[in-house]
Amino acid sequence: MGTQESQNPQTRAGGAGRRAFLGAAAAFGAAGTTLGLTGAARATEARHGGKGIASLPVPTIIGHRGASGYRPEHTFGSYQLALDLGADIVEAGDLVPTRDGRLVCRHEPEIGGTTDVASHPEFAGRRTTKVLDGVPTTGWFTEDFTLAELKTLRATERIPANRPHNTLYDGRWTIPTFEEVLTWQDEQTRRRGKQVWIYPELKHPTYFRKLGLNLEERVAKVLRRHGKDGRNAPVIIQSFEPTSIRRLDGMVGNPLVVLLSGATTRPWDFVETGDPRTVADLVTPKGLREIAGYAQGIGPTLDLVVPKDAAGNLTTPTTLVKDAHAAGLILHPYTMRNENPFLPANFRKGTDADAYGDVFGAYRAYFATGIDGVFTDQPDTGLLAREDFLNGS
C-alpha cells in the first residue's frame, strides 16, 4: 500500500463500516424467506431501499464481458448490447496492462484468440511463450505492446465453434481501455437516466507485479481520477487472487469480490507465497469470515454452489450460500450460458455445440439456492429467468 492510498480519507472511510453496511444487505437477502418476504418484494426492496450495491435488483443479472453470447467479448459492441438488453451490471473489463502501463480490457493478456494480431505481419516477431500462473502459454501478450500498437488490432470471437454467429462481428471493434470504459459508463448513465454499473476484474496481478506493472495501484489511480473510488461507487472490483483484493481494500472504498475457482485449486498468489490453502478452505465458514474482513462478496464457480455428479448432472446444493450470507457476504457465481456444452448435462438438448439447452430450468435450480446474482453471457435470458423465478413460474 502506498502513502497516497493509505492517507486518502474518502477511500479509507471506515472499511469496517462499509463491510457492515454491505453485510447487512446480504443478511437481509438471506433472511428474506424466513421473514415471509416474496422474491419480488426482495427485488423491489433491493432496487429502491439502499445505496450502492444494496440498490441493485436481486438476483442481479451481470452481463459477462458484456453480452458475449451475441458479440465478441470485451468490446463496446458487447458492453452496449448488455445494457440494451437490460443487464443490471456490465462486466466491462478484464484488466491487463500494456507495455506503457495502460489498462486495457481483454479476457487474458494473451490476445491471439481474441484479436486479429496473427494477421499483422509487423507483430509476427512478438509471438512468444511465457509461463502464466504456472502454465506455459504461447501467443502475443498485451505487456509486449504499447497502447498505440494495440489500438491497431481488432477484436474477434473467442469461441467460434460455439458462437459462429458472433464471427459476423470480427474486426468491428478495437480493444477498449479502462479509462474509455469509465467515460462510456458516465455517458450511458446520462443517456439512460439511471446509474450504469460495471464489474471489472484484475487479471493475474501477481504475474504482472513481478513485471513491475502493478495492477492494484493503476486501478486505484484511475478510479480516483474519475471519482469512482468510494463506498457507493458504481464499480465492483473482483479478482481470483485474495491478496490482490486485500491490497485494494487499503486503496479504494469500492465493493470488492473474491473470485473462487474449483474446490481443489489454489489461488496463484497462494502458490507464490506458499500458502497451502485451497478454495475448499476458503469456502468454509472460517475462510468466508476471513474474506469478509476485506471483501464484500465472493464470485464462486457455479459448481461450488451446486456440484455435478460424474455424468455432469446437478446434485444437492452445498451450504455455501447460507455460510456466505452468515459471514455477511453476497454471492455472484459464474457463468450461465445458453449453449449445451456449458449447461449441466440434465439441462442439455441434443448434441450440437452451439444449440441452446433448457437454460431456464438451470436458472431455476441456481436461483433457488438463494444466490444474490449471476454472471451470464446472455443477459436477456437471465432477466427472463429472473422474472419467472420471482413470479413463481
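In this text the structure is predicted, and so the values were computed from the model without any measurement.

Participant: How should the nonpolar core be read in this particular structure?
Facilitator: One broad trend across soluble globular proteins is that nonpolar side chains are buried collectively. Counting 82 residues, the largest nonpolar core has Phe178, Ile237, Ile298 and Met336 as its most contacted members. In this structure, Ile237 is in contact with Pro200, Leu202, Val219, Leu223, Ile245, Leu248, Val252, Asn254, Pro255, Leu256 and Val257, ignoring residues within four places of it in sequence. Leu56, Ile62, Ile89 and Tyr334 belong to the second-largest nonpolar core, a separate cluster that totals eleven residues.

Participant: Honestly, the sheet that holds strand E1 (residues 60–63) in this entry has me stumped. Any pointers?
Facilitator: By definition, the strands of a sheet pair up through backbone hydrogen bonds, in either a parallel or an antiparallel sense. Pairing in this open sheet of four strands is parallel, and the strands run E7-E2-E1-E13 from one edge to the other. The open sheet has two edge strands, strand E7 (197–198) and strand E13 (373–376), and neither has a second partner. Note that E1 and E13 share four bridges and pair parallel. What sits directly across from Gly63, in E13, is Thr376.

Participant: What's the story with the side chain of Thr75 in this structure? I'm lost.
Facilitator: Following the sequence through the fold, Thr75 ends up in the loop between E1 and helix H4 (76–84). Ignoring any residue separated from it by four or fewer positions in sequence, one finds Thr75 in contact with Arg106, Ala155, Trp173 and Pro176.

Participant: Honestly, the sheet that holds strand E4 (residues 103–105) in this entry has me stumped. Any pointers?
Facilitator: Pairing is mixed in the open sheet, where seven strands are placed in the order E4-E3-E8-E9-E10-E11-E12. If you trace the sheet from one side to the other, it starts and ends with E4 and strand E12 (330–331), each paired once. Here strand E8 (residues 201–202) runs beside strand E9 (residues 237–239); their pairing, made up of two bridges, is parallel. Bridge assignment links Leu202 to a residue of E9, and that residue is Ser239. Strand contacts of helix H8 (residues 215–225): strand E3 (94–97), E4, E8 and E9, with the helix running at about 90 degrees to E4, the strand carrying the most contacts.

Participant: So what exactly am I meant to see when it comes to the pairing of E3 here?
Facilitator: Every regular strand shows the same layout, with side chains that alternate between the two sheet faces. Residues Asp94 and Val96 line one face of E3 and the alternating positions Leu95 and Pro97 line the opposite face, and both faces are buried. Direction of pairing for E3 relative to E8: parallel, over a ladder of two bridges. Opposite Leu95, over in E8, you have Leu202 as the bridge partner. Pairing of E3 with E4 involves three bridges; the strand directions are antiparallel. Residue Val96 lies in a different strand from E4, and its bridge partner there is Val104. Between E3 and E4, which pair antiparallel in sequence order, lie five residues; one of them, Gly101, sits at a positive phi of approximately 80 degrees.

Participant: Is there a simple way to think about the pattern of salt bridges in this case?
Facilitator: Pairs may arise between side chains of opposite charge once their charged atoms sit close together. Applying the stated criterion to the full structure yields 25 salt bridges. Among the ionic pairs, Arg65 bridges to Asp94, the shortest N-O distance being 3.7 Å. Of the two residues, Arg65 is situated in the loop between E1 and H4 and Asp94 in strand E3; the sequence distance between them amounts to 29 residues. Side by side, Arg65 and Asp94 carry an identical accessibility label, which is buried. Here Asp377 and Arg163 are joined by a salt bridge, their closest N and O atoms 2.8 Å apart. Here Asp377, found in the loop between E13 and helix H16 (379–390), pairs with Arg163, found in the loop between helix H5 (147–150) and helix H6 (178–192); they are 214 residues apart in sequence, far enough to count as distant. Of the residues examined, Asp377 reaches a relative accessible area of 1% and is grouped as buried. Residue classification places Arg163 among the buried residues on the basis of a relative accessible area of 2%.

Participant: Explain the pairing of strand E10 (residues 256–260) here, please?
Facilitator: Within E10, five of the five residues are buried, which leaves it mostly tucked inside the rest of the structure. Residues Leu256, Val258 and Leu260 line one face of E10 and the alternating positions Val257 and Leu259 line the opposite face, and both faces are buried. Across three bridges, E9 lies against E10 in parallel orientation. Residue pairing for E10: Ser239 is matched across the bridge by Val258. Regarding the hand of the β-α-β motif, the stretch spanning E9, helix H9 (residues 242–249) and E10 is right-handed. As defined by bridge partners, E10 adjoins strand E11 (residues 297–300) across four bridges and the pair is classed as parallel. Bridge assignment links Leu260 to a residue of E11, and that residue is Pro300.

Reading the values: the criteria
Residues numbered from 1 in each chain as written. Predicted model: local features only at pLDDT ≥ 70, side-chain atom pairs only at ≥ 80, totals over all residues. Heavy atoms only, no water. Core = buried A, V, L, I, M, F, W, Y, C linked by side-chain atoms within 4.5 Å. Buried < 20%, exposed > 50% of the residue type's maximum accessible area, 1.4 Å probe, protein only. Contact = heavy atoms within 4.5 Å. Pairing = 2+ DSSP bridges. Helix = DSSP H or I, 4+ residues; strand = E, 2+ residues; numbered from the N terminus. Axes fitted to C-alpha atoms, helices over the stretch in contact; angles between N-to-C directions. Salt bridge = Lys/Arg side-chain N within 4 Å of Asp/Glu carboxyl O. Right-handed = clockwise from strand over helix to strand, strands pointing away.

Such coordinate-based values are descriptive only and should not be taken to indicate function.
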